[in-house]
Amino acid sequence: MGATVEQFNHAKSQMGTLKEDPGNEAKLKIYALFKQATQGPCNTPKPGMLDFVGKAKWDAWKSLGSVAQEDARQQYVDLIDTLLAAEGPAVATQPTGSAATFNTLLVSTEDNITTIRLNRPQKKNAITVEMYNEIIKALEQAGKDDSVITVITGSGDFYCSGNDLTNFTQIPEGGIEQMAKNSGELLREFVKAFIDFPKPLIAVINGPAVGVSVTLLGLFEIVYATERATFHTPFSQLGQSPEGCSSYTFPKMMGNAKASEMLLFNKKLTATQACAQGLVTEVFPDSSFQTEVATRLKAYAKLPRNSLALSKQLIRGTEKERLHTVNDQEVERLVERWLSDECMQAIMSFFQAKAKL
Amino acid sequence: MGATVEQFNHAKSQMGTLKEDPGNEAKLKIYALFKQATQGPCNTPKPGMLDFVGKAKWDAWKSLGSVAQEDARQQYVDLIDTLLAAEGPAVATQPTGSAATFNTLLVSTEDNITTIRLNRPQKKNAITVEMYNEIIKALEQAGKDDSVITVITGSGDFYCSGNDLTNFTQIPEGGIEQMAKNSGELLREFVKAFIDFPKPLIAVINGPAVGVSVTLLGLFEIVYATERATFHTPFSQLGQSPEGCSSYTFPKMMGNAKASEMLLFNKKLTATQACAQGLVTEVFPDSSFQTEVATRLKAYAKLPRNSLALSKQLIRGTEKERLHTVNDQEVERLVERWLSDECMQAIMSFFQAKAKL
Amino acid sequence: MGATVEQFNHAKSQMGTLKEDPGNEAKLKIYALFKQATQGPCNTPKPGMLDFVGKAKWDAWKSLGSVAQEDARQQYVDLIDTLLAAEGPAVATQPTGSAATFNTLLVSTEDNITTIRLNRPQKKNAITVEMYNEIIKALEQAGKDDSVITVITGSGDFYCSGNDLTNFTQIPEGGIEQMAKNSGELLREFVKAFIDFPKPLIAVINGPAVGVSVTLLGLFEIVYATERATFHTPFSQLGQSPEGCSSYTFPKMMGNAKASEMLLFNKKLTATQACAQGLVTEVFPDSSFQTEVATRLKAYAKLPRNSLALSKQLIRGTEKERLHTVNDQEVERLVERWLSDECMQAIMSFFQAKAKL
């Protein structure tokens, strides 16, 4: 039973009212259903290897095979309806105080604690270009405000699912080379903001953590995790290489025999394993996680402010120059990787796998 | 029921027969009771912020409120009696051999093992200026003698309660600035003696360890601990910052997520926790601690002397220059800290809390 | 009951048919029995301290005391028979592919995995001069071939018993000084081959590991061990000092308090202990060891080749220069040690203890 052209057009117009970017996999599906509904089965030539956005779209359309146009219209209408329903009433947790200027974060300061909350829960707090820039800005402000400690955590069930791969689909004027260069420069500045952060930095890992949100943990002073958290850095699987200074901090903290399992061979760690290997300070039952952590943070925030900041700087000072060098090398390697066939194929496979779900 | 003036004067004269310094908190109490007994309630103006010895004395006196003079005399008499009784018959454990020249240490050499025993058990082996100097001297001698390994341990129930804070109450000619400078220079030389020590150095942790006695452990080859031992470095609580090269050795051995808990946030570790984090080599039941450790040490002392010393130097050689730099930076930071309001207030609170006990 | 001269001569002639070097202890015994059988009790003067091969032979002969010549002939005949029987039918596990050019190794490439198998199981895979050179060559080839990962493992029950001490009994023209210099140069090149190896390197520890086969593990990416494996580095016991970059990698991975136990005080670790201290990635039951490891290796070998190699190089790059310096320093120290009386006496005691078994 297919939808009418009228229903289809209504759904199409409603799509503009979506408040959130529905994410790459949904957009590919929408694209494919639209093409199928309006033009029938995919009949254009397969795009070249390097045009991987075009290729992903083509693959999504092609994957619909000979689905009839009215059925494609119906699926299109259903998908838009689902996306609209999923948004529901606006969650609207407004940050208190002066921090209402961020789109992807909730930032607030209370009891000498500045909290930076990643706030794209529908996208598992995946980091978009906008969020990278906002985190850099939020850290800059927190470094200068009156707080004693700074906390990073996530909204919803995930801590952070890492780099939002759709960042790679917005290809600028200069083509893929320019995109890789821009992404590298943004990553370098992002990691730099953590290396240079002048106060104790505390991660409150409220759920699974992936990619750069894991590798950065070596630059935090304290990492508290719920037992539900997992730690995953699937770089080689995506044809990429480690960042966030993890190529230096992970072997330093856990030895190469454990670090390679994560950074080369994509092993996902439980919170307890991550704690045994020095990546996590302490693990808590999920039911008491927020209250136990809050108690600790309040006590920490009452300690002498300068003593804490200067002690942190003393400890990190012995390796700060090294960390900047490592960051530069990691970014350079990663930019090369992004332009490699290996990486492009791996990312394309990732999108295709998602598009077929 | 108050003491007579005669009883009071007798107690006062007996105070001169105390063999041991009764410690800062007792001395503050004695001072306060003396003032209260002879002049009544505190009636002098509160000393300025930087005169923290004067302030501590004034606070102790003030804390007695309106206690009557005869009651103050009685408490004074009782306190002196208690201190005299506590000393009891002289313990008089004389060091064997050539080592009878130390006041705060027992040093002896037997079976190729030189043992340096911190020997101020009544003061939990807190390190006075004299003891710092004696340990430097004892290490210098042990480095040159015929022994194969050198052991540091404590008399009594404590291993060491760290820096004796009364070191900060003896203000020299040049004022607080000079005191901070002198203390920094002494600490630098003290830590240097450990960095440069040429033979295997073994800590036998017979009870709780605090402050610099913990931070130095990263410069030992072996750390054996009784299960009763605890490890505590409450620097930020006292407005201070880490020393003993711990700002480098602790993150290196246990990762920043664990090291920051100790060095920034004052977490006290059990022996088992310290062992899991690489600070301690092995933990033993208290009942068999001394015998099990003695068995190991005897076996070690039979190994080829030069092979051990040269292997240690090879291992430490890769980071010796770094350790000296770290030591310098830590001392510089700490001297600044000692002169900060934050630190002075924290130390004053410490003395006041003790005085009120 | 003694053997006849004829039986004795027959045994003597059969000795030439042994395919394998029976090892130093057996050869000393054969030497001693031969002397006793043909010349009677030892009657030559004890060799000088520095002639330690001569001394070992003399000790072995002397240890036979007044054993009658016919009894010595019988023991000689029995020993040769035992050695011949032990060899049995040739084991003859020929390497597949192009790798048939090694005498002490089995090298093969399959499913993107190059495996280098130490293949002197009768000698517990002790590393002879020939094997050092062959491993260097095999690594050079594996670094250039098409494989994704490279695996090192052992034939038989042992992973590797370390340096074959009989290497020290082949004294060249230039005397002991030359031997020490040559051995140092070989060791330096050997360790260098591991430092510079460009792909992920995986150790499959199928049984006990000793000496340089343990110290090198800090240069591997992954170390899988059967629960039967042990890890032993008895350097100081033999008057020697650590190599394989362990003076740097071990303290880095496990802290000095644990590293010194192994590198200075000869502690033998179980597989579980080695895993807790970061030397081993994962431990498996002996019964499922080979299959579980094979499953993991096959999965790893399917990951993007360049991503893995470049990520490894990124991680190791931060310390490569340092590793080469450490290697040089370790070798220099070890060459000095080999020429020291302490070391010569310790090695002689080792041979004598074996000869008396």
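Throughout this description, residue numbers start from 1 for each chain and increase along the sequence as written. Both sets of labels track the order of writing: A upward for chains, 1 upward for ligands. In keeping with the model being predicted, local features are shown solely for residues with a pLDDT of at least 70 and side-chain atom pairs are shown and tallied solely at 80 or more, while totals for entire chains, interfaces and linings include all residues. Processing note: side-chain calculations cover all non-hydrogen atoms of the structure and skip hydrogens and water entirely.

Draft legend 1. Expanded view of the interface of chain A and chain C. We call two residues contacting when some pair of their heavy atoms lies within 4.5 Å. If you look at the interface, chain A gives 28 residues, while chain C gives 31 residues. Here the buried area means the combined drop in accessible surface, using a 1.4 Å probe, for two parts upon being joined, counting both sides. Carbon and sulfur atoms supply 61% of the area buried between chain A and chain C, which totals about 2400 Å² over both sides. Residues adjacent in sequence count toward polar contacts only when both atoms are side-chain atoms; beyond that, a polar contact is any pair of N or O atoms within 3.5 Å, and within protein one must be able to donate a hydrogen and the other to accept it. The interface formed by chain A and chain C holds 11 residue pairs in polar contact (both at pLDDT 80 or more) in total. For the side of chain A that touches chain C, the elements supplying multiple residues, two or more each, are α8 (246–254), α9 (256–263) and α13 (320–338) of chain A. Along the lines of polarity and charge, the residues of the side of chain A that touches chain C split into nine nonpolar, 11 polar and eight charged. Secondary structure elements follow DSSP: runs of H or I of four or more residues count as helices, runs of E of two or more count as strands, with numbering from the N terminus. Classification convention: Asp, Glu, Lys, Arg as charged; Ala, Val, Leu, Ile, Met, Phe, Trp, Tyr, Cys, Pro as nonpolar; all other residues, Gly among them, as polar.

Draft legend 2. Broad picture of the relation of the copies chain A and chain C. Taken as rigid bodies, chain A and chain C are interconverted by a rotation of 120 degrees and an axial shift of 0.1 Å, the fit giving an RMSD of 0.1 Å. The superposition operator between the copies reduces to a three-fold rotation axis. Of the C-alpha atoms belonging to chain A, the one lying closest to the rotation axis is found on K252(A), 3.8 Å away. A share of only 4% of interface residues in chain A that are also interface residues in chain C marks the association as one of differing surfaces. Here the copies are matched by least squares. The fit uses the C-alpha atoms of residues with pLDDT of at least 70 in both.

Draft legend 3. Spatial organisation of the pairing of strand β6 (residues 222–226) of chain C. All names here are of chain C. Most of β6 is tucked away: five of the five residues are buried. With four bridges joining them, strand β4 (residues 201–205) and β6 adopt parallel strand pairing. Across the sheet, the residue bridging to I205 is A225, located in β6. Two strands are counted as paired when DSSP detects at least two bridges linking them. Pairing of β6 with strand β9 (residues 282–284) involves three bridges; the strand directions are parallel. Bridge pairing in β9 links Y224 to E282. Accessibility here uses a 1.4 Å probe with only protein chains present; expressed as a share of the type maximum, an area under 20% marks a residue as buried, one over 50% as exposed, and anything in between as partly exposed.

Draft legend 4. Quick look at the interface of chain B and chain A. Taken together, the 28 residues of chain B in the interface contact 31 residues of chain A. Summing both partners gives a buried area of about 2400 Å² for chain B against chain A, and 60% of it is carried by carbon and sulfur. For the pair chain B and chain A, the interface holds 11 residue pairs in polar contact (both at pLDDT 80 or more). Mapped onto the side of chain B that touches chain A, the elements with two or more residues apiece are α8 (246–254), α9 (256–263) and α13 (320–338) of chain B. Classifying every residue of the side of chain B that touches chain A gives nine nonpolar, 11 polar and eight charged.

Draft legend 5. Looking closely at the environment of T230(C). Residues and elements named next belong to chain C. Among the structural elements, T230 can be located in strand β7 (residues 230–232). Along the chain, T230 and Q74 lie 156 residues apart, while their C-alpha atoms are 38 Å from each other. Those residues in contact with T230, other than ones at most four positions away along the chain, are G207, P208, A209, K268 and L269.

Draft legend 6. Structural view of the relation of the copies chain B and chain A. It takes a turn of 120 degrees to lay chain B on chain A, together with a shift of 0.1 Å along the axis; the resulting RMSD is 0.1 Å. Mapped onto chain A, only 4% of the interface residues of chain B again fall at the interface, so the copies present different surfaces.

Taken by themselves, the reported measurements are silent on function.
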